[in-house]
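This is what each chain is made of:
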Amino acid sequence: MSVCKSLKGYTRKHERLADIFSLLAVALLFGTLYIVLAYHTPIVSWLKKDAVIHVPIAMALLLFDIFIIYMCLNIGAARFADEDESCFHTFKGRRAGSGSIGVMFNNWLHHMEQVGKKHR
């Protein structure tokens, strides 16, 4: 059995765990935004002290944070994927292939409304 099928089966059996992963992704996103906005002065001064070393470290931390958010969102949404579909890329906005940010945001918003309807 593949990891993807195991993940889908586990998140379908334990819906609360999948919800926790989705909530964790949102909390991590807003927590990151809060920390960056609340401590922007110390962060910028730290970056200016030694830009050659500190900027790549900050970029690596930011990419790691985005990766963790993305993985939590995919784990939370894996239970809604069809059996023949992969675990990742479950949002229709990414499957549509459109390059417009507005269309992708609108598709994501529509997806979130449909997820909300499934929980009612």
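Sequence order as written defines residue numbering, which begins from 1 separately in each chain. In view of the model being predicted, local features appear only for residues whose pLDDT reaches at least 70, and side-chain atom pairs are presented and counted only at 80 or more, with totals across whole chains, interfaces and linings using the full set of residues. Side-chain measures here rest on the full set of heavy atoms in the structure, leaving out hydrogens and waters.

K.L.:
Got a minute to help me understand the overall build of the protein in this structure?
P.N.:
A tally of helices and strands in the protein yields six helices and zero strands. Secondary structure elements are taken from DSSP: a helix is a run of H or I of four residues or more, a strand is a run of E of two residues or more, and numbering for both begins at the N terminus. Seen in sequence order, the protein has helices and strands lined up from the N terminus as α-α-α-α-α-α. Two residues qualify as a contact provided that any one of their heavy atoms is within 4.5 Å of a heavy atom in the partner residue. Residue pairs in contact within the protein that sit at least 24 positions apart in sequence constitute 61% of those at least 6 positions apart. Exposure was quantified through the Shrake-Rupley algorithm and a 1.4 Å probe, taking into account, for residues, occlusion by the shown protein chains and nothing else. Only carbon and sulfur atoms are counted for the fraction: they give 71% of the accessible area of the protein, which is about 8,800 Å².

K.L.:
Honestly, the confidence of the model for the protein in this entry has me stumped. Any pointers?
P.N.:
Reading predicted coordinates in detail is not appropriate for stretches of low pLDDT. Every residue gets a pLDDT, meaning the predictor's confidence in that residue, from 0 to 100. Residue-level pLDDT values for the protein average 79, and 74% of them are 70 or greater. Across the protein, the secondary-structure element scoring lowest on mean pLDDT is helix 5 (residues 92-95), at 48, and the one scoring highest is helix 3 (residues 40-49), at 94.

K.L.:
Honestly, the side chain of Asp 65 in this entry has me stumped. Any pointers?
P.N.:
One can find Asp 65 in helix 4 (residues 51-77). By relative accessible area, which is 13% here, Asp 65 ends up buried. When sequence neighbours within four positions are dropped, the list of residues in contact with Asp 65 reads Leu 28 and Thr 32. Under the scheme applied here, a residue whose accessible area is under 20% of the maximum for its type counts as buried, over 50% as exposed, and between as partly exposed, the area being computed with a 1.4 Å probe on protein chains only.

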